[in-house]
Amino acid sequence: MKKQLQYSLTLIFLIVFSSNTVLGQDRKLRKAENRYNQYDFVDASKIYEKVVASGYVSEEILQKLGNTYYFNAKYKNAKEKYESLMELNDELEPIYYLRYAQSLRAIGENKEAEEWFDRYAKIVNISEEDFWTSIDYNELIKENSGRYKIKNLSINTTGIDYGGGIHQGNLVYATTGDSIKKSKSKTDSWSGLGYMSLKGVNIKGADSTSFDNLGSGYKVKGDLNSKLHVSSACFTKDGKTMYFTQNILLPEKDIRQASYVLKIYRATLSKKGKWENVKELAINSNSYSNAHPALSPNEDKLYFVSDRSGGEGETDIYVVNIDKSGNLGEVKNLGNEINTPARETFPFVSQENELYFSSDGHLGLGGLDVFYVKMYDDNTYGHLLNVGSPVNSKFDDFAYTVREHTNKGFFSSNRKTDEAKGYDDIYTFVEIKQIKDVLSTTICGQVIDIQTKEPIHNASVSLLNRDNEVQNTVKTDSLGNYCMEAERFRQYLIRATEETYDADEYMLETKEEKHEVNFELRRNKVPLEPGQDLAKVLNIPIIYFDFDKSDIRPDAAIELEKVVAVLQEYPFLKIDIRSHTDSRGRDAYNMALSERRAQSTLNYMVKRGVERERLTAKGYGETRLVNDCANGVPCSKEQHQLNRRSEFIVIE
């Protein structure tokens, strides 16, 4: 009757800009400073240019002059001023390196843009593990490009047109109209155009691939009158409530010192189709701006943009809860996974709880780019992805809106193309292919038994980071297969384990989209039966001997200690020691040599405390070769050495 022996071996293995000190007593400089703070970029840029032309060049002037051009999408001018700023001081706030990089990219100087973006990334402590160079990221943007068909809308004017809230089959957008106002009191000094108001146009049933004949639309009616801007409307699903942005002028004794603030308001729709009961939201303040509201799918959250203190950058995206009575809760910043030291603006949340927003802080194609990120119920985010071209361009692209339960929507851009009509235009889009998570990689493979080549079911495959912390673990299926998602452009240690096998691991750099990592595991816990080779089962290397010698080599002694340990662990285990030679030399001599080697192995074990009666030993000479290296067959030294071995066969 066969006895089965169990053993185990343990493996050892848009809104605000920073203010700086006003330089000197020069009257022109004070005037420029005052207008800069009022967002009066049209006049301020001219005055700053004159100041510079007069020889008053300073870090502050170049900063603000560069910002004036940057925020009005005059990237060539911005690049020149930021360049002068870099020459004056090469240790600036990191944001200026970013703006300089974005300006360079917008005018096509891509190589320089990459260098300055990389400098920015290092200064703000983006670690090497979490950071891809701009070259890498540009290739990733290409992977999500070409997914849209876009068209300039017929409703665009020669002025500013942007946004796109959907209300009862109508597109509601902000517009200045065609005419440039002659009256100074009715002209926005920021743009030199008239002030924006809300307008609507019926798109219900229209062909969203063209929208060629939408007509002139209508002015949104109600108590929305303002001497300044009204824009960025969003609506509840029942169509009865609207949130929108309005520009106000704070009262000051000296009107020249007055400043503008953006605030969010809420209005309700009357039975006559007019918006009334307009109320300012409690989140507003005269000390900072709030703008561009967007509702969550359940309408229990309001997302918006603000330049309030304590944020990540110039403008950040925030969220606030809305209770059933319409009261607002605590304002929360979306955090540095979304917000950067630069501008984040124009949020929109789809029915699938996907956040779209524009940013010039995340690397893009130039200016403001539209980004996508999936938001989860546990307040975590998926990967932040650039939606690619043609929605994004080297200009400012923003106000992305998806029509409910469709792949169609609108976005706005100040791009300069043959079909562009004004300063900012509204475009319609059809998304013909879903966005691809280019920042994820898939790792798949199989785990098998190294000896039998059979799949190992229910083995664990774990993903570990550089600190040896487990990031993810999956189990193999009945065929030994596994798949897992991981972060692309990271370095991981992948480890396969099963309690009856020795573990195996593999270091992987995940630059590719897909990886195949297979494992062959060796058992370390099996039932032993007569006839089994202990060396194979225990993963012990062959006990080698030098040519024409039977002495135990130092490397062989180390391996024999493993056999001794097993025999000490299992005192009833008996083995047969079998020694072999290669084919070189006379057959009779080799037989005698192998016998000496077998006895030498046995004697070593006995000296180490193994009972003599538990061991048998026999030499087989060259009668059991493991390869074709027989008499007269030319073989290498390495091939011959494979035959000079000892085996340990379980006999009971």
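Here the residue index of a chain counts from 1 through its sequence in written order. Reporting of local features is limited, given that this is a predicted model, to residues whose pLDDT is at least 70; pairs of side-chain atoms are given and counted only at 80 or more, and all residues count toward the totals for whole chains, interfaces and linings. To get the side-chain values, all heavy atoms of the structure are used, and hydrogens and water are removed first.

> How would you sum up the nonpolar core? Please name residues and give values.
Inside soluble globular proteins, nonpolar side chains tend to come together where they are buried. Here, nonpolar core means buried Ala, Val, Leu, Ile, Met, Phe, Trp, Tyr and Cys residues that are tied together by side-chain atoms lying within 4.5 Å of each other. Burial classification: accessible surface area is computed with a 1.4 Å probe over protein chains only, and a residue below 20% of its type maximum counts as buried, one above 50% as exposed, and the rest as partly exposed. Core analysis: the biggest nonpolar cluster contains 61 residues, and I338 and Y400 have the highest contact counts within it. Put simply, DSSP H or I for four residues or longer makes a helix, DSSP E for two residues or longer makes a strand, and each gets a number counted from the N terminus. In terms of residue count, the dominant contributor to this core is helix α5 (residues 94-106) (8 residues). Any two residues having at least one pair of non-hydrogen atoms within 4.5 Å are treated as being in contact. Among residues more than four places away in sequence, those in contact with I338 are I317, E344, L355, F357, H362, V373, Y381 and L384. Membership of the second largest hydrophobic core comes to 22 residues, among which are L534, A535, V566 and L567.

> Report on the packing of aromatic side chains, specifying residues and quantitative values.
Classification of ring pairs uses Phe, Tyr and Trp, with its six-membered ring standing for Trp, and accepts pairs whose centres are within 6.5 Å; under 30 degrees between planes counts as stacked, over 60 as edge-to-face, and the remaining range as tilted. Counted by the stated rule, this structure contains 17 aromatic pairs. Ring geometry for F117 and Y120: centres 5.9 Å apart, planes at 50°, overall tilted. Taken together, the positions of F117 and Y120, both in helix α6 (residues 110-123) and 3 residues apart, correspond to about one turn of that helix. Take F117: its relative accessible area is 7%, and that puts it in the buried class. Residue Y120 is classed as buried on the basis of its relative accessible area of 3%. Through successive ring pairs, a cluster of aromatic residues spans Y148, Y356, Y372, Y400 and F429.

> Requested: an account of helix α9 (residues 554-569), with residues and values cited.
Here the expected span of a helix is defined as 1.5 Å times the quantity of residues minus one. With 16 residues, α9 ought to run about 22 Å at 1.5 Å a step, and its terminal C-alpha atoms sit 23 Å apart, in line with that. Within the sequence span of α9, burial applies to A556, A557, E559, L560, V563, V564, V566 and L567. Buried residues of α9 fall within an arc of 165° about the axis and therefore sit on the same side. Away from its buried face by more than 90 degrees, α9 exposes P554, I558 and E569. Regarding the arc, it is the one traced by the directions from the helix axis to the C-beta atoms.

> Can you break down the pattern of salt bridges residue by residue, with the values?
What makes a salt bridge here is a side-chain nitrogen of Lys or Arg within 4 Å of a carboxyl oxygen of Asp or Glu, nothing more. On inspection of all chains with the given rule, the structure shows 16 salt bridges. With its nearest N and O atoms 1.4 Å apart, the salt bridge here joins E314 to R99. Here the residue E314 occupies a position in the loop between β12 (301-306) and β13 (316-321), and R99 occupies one in helix α5, the gap between them amounting to 215 residues. Each member of the pair, E314 together with R99, is buried. For the salt bridge of K453 with E520, the shortest nitrogen-to-oxygen distance reads 3.3 Å. Separated by 67 residues along the polypeptide, K453 in the loop between β22 (440-449) and β23 (460-464) and E520 in strand β29 (residues 519-521) bring together distant segments of the chain. Each of E143, K436, R488 and E513 takes part in one network of salt bridges that share partners.

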